[in-house]
Amino acid sequence: MFASKRLSKELSKLHDKLPPGISLICADDLKEWLMDIRVIDTNPLYQDEVYRLKFVFSQSYPIEAPEVVFVKDDEHPIPWHPHIYSNGIICLDLLDRQGWSPVHNVESVCVSLQSMLTSNTKKERPPGDENFVKYNKQRPRDISFVFHDNQV
């Protein structure tokens, strides 16, 4: 009940106004939304690229963080970043149980991801990307990442 009320309110706000570089693509229900983001500065790593995010909400949202991943299709690559795995899973404390707070919302997550991309200077994947993608069976929200790199 609380999740649907909160998501309805967020959706209404997203329809009214979004920050530059963020677009609502699909929100047919209150369980899964698609958002597009693009870096709006001149970072050459992400110039002219648009990235698609999939948000999956549990009944415990906003107490529990949404599951957020980058989605690859013909028009949307997975961004190269030391904290983004090639399967779209994002290592970001904001999306972790310890880092999430109910004051965050879909817009703040999108803006945080834009900022994370904007400040990046390395076109690389996280260490162990190939093995992680091959062997990980956990859902993104159930993964316990160790956050130690504030430089990227």
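An unreviewed UniProt entry annotates the protein chain as Ubiquitin-conjugating enzyme E2 2 originating from Pleomassaria siparia CBS 279.74. Its UniProt record gives the protein chain the following Sequence similarities (unreviewed entry) comment, quoted word for word: "Belongs to the ubiquitin-conjugating enzyme family."

A.B. asks: Can you walk me through the overall build of the protein chain in this structure?
C.D. replies: A count of helices and strands for the protein chain gives 3 helices and 4 strands. Secondary structure elements in the protein chain, listed N-terminal to C-terminal, are α-β-β-β-β-α-α. Relative to the 2.2 N^0.38 estimate, which gives 15 Å for 152 residues, the radius of gyration of the protein chain is 15 Å and therefore close to what a compact globule would have. Dimensions of the protein chain, computed from the C-alpha atoms along their principal axes, are close to 40 × 30 × 30 Å. Among the 152 residues that make up the protein chain, the fraction classed as buried is 45%. Counting only contacts in the protein chain whose residues sit at least 6 apart along the sequence, the fraction spanning at least 24 positions is 60%. For the protein chain, the accessible area works out to roughly 8,800 Å², and carbon and sulfur atoms hold 50% of it. One finds the centroid of the 18 positive side-chain charges in the protein chain at a distance of 4 Å from the centroid of its 22 negative side-chain charges.

A.B. asks: What am I meant to see in the side chain of Asp129 here?
C.D. replies: The residue Asp129 is located in helix H3 (residues 129-135) in this model. It turns out Asp129 is buried and unbridged, and the closest side chain with the opposite charge, Arg125, is 4.8 Å from it.

A.B. asks: Looking at this structure, how should I read the nonpolar core?
C.D. replies: Note that soluble globular proteins tend to have their nonpolar side chains buried in a common cluster. Grouped together as the largest cluster of nonpolar side chains are 33 residues, with contacts concentrated most on Leu53 and Phe55. Counting only elements with at least two residues in this core, the list comes to helix H1 (2-16), strand E2 (32-37), strand E3 (51-56), strand E4 (67-71) and helix H2 (106-118). For this core, the leading source of residues is H2, giving 6 residues. Phe55 has contacts with Lys31, Glu32, Trp33, Met35, Pro66, Glu67, Val68, Val106, Val109 and Cys110, leaving out every residue within four places of it along the chain. Counting residues in hydrophobic clusters, the runner-up holds 5 residues, among them Val69, Tyr85, Ile89 and Cys91.

A.B. asks: How should I be thinking about H2 in this particular structure?
C.D. replies: An α-helical turn contains 3.6 residues, so a residue and the one three or four places further along point in the same direction. With 13 residues, H2 extends 18 Å from end C-alpha to end C-alpha; this agrees with the ideal 18 Å at 1.5 Å per step. Taken together, the buried positions of H2 are Val106, Glu107, Val109, Cys110, Leu113, Gln114, Met116 and Leu117. Elements that come into contact with the buried residues of H2 comprise H1, strand E1 (22-26), E2, E3 and E4. Measuring from the backbone nitrogen of Glu107 back to the side-chain oxygen at the start of H2 gives 3.1 Å, which picks out Asn105 as the cap.

Cut-offs and rules
Residues numbered from 1 in each chain as written. Predicted model: local features only at pLDDT ≥ 70, side-chain atom pairs only at ≥ 80, totals over all residues. Heavy atoms only, no water. UniProt positions renumbered as here; feature names shortened; annotations may be inferred. Helix = DSSP H or I, 4+ residues; strand = E, 2+ residues; numbered from the N terminus. Rg over C-alpha atoms; globule rule 2.2 N^0.38 Å. Buried < 20%, exposed > 50% of the residue type's maximum accessible area, 1.4 Å probe, protein only. Contact = heavy atoms within 4.5 Å. Areas by Shrake-Rupley, 256 points an atom, 1.4 Å probe, with all protein chains shown as cover. Lys, Arg positive; Asp, Glu negative; His and termini not counted. Charge placed at Lys NZ, Arg CZ, Asp CG, Glu CD. Salt bridge = Lys/Arg side-chain N within 4 Å of Asp/Glu carboxyl O. Core = buried A, V, L, I, M, F, W, Y, C linked by side-chain atoms within 4.5 Å. Expected span 1.5 Å × (residues − 1). Polar contact = N/O pair within 3.5 Å; in protein donor to acceptor, adjacent residues only side chain to side chain.

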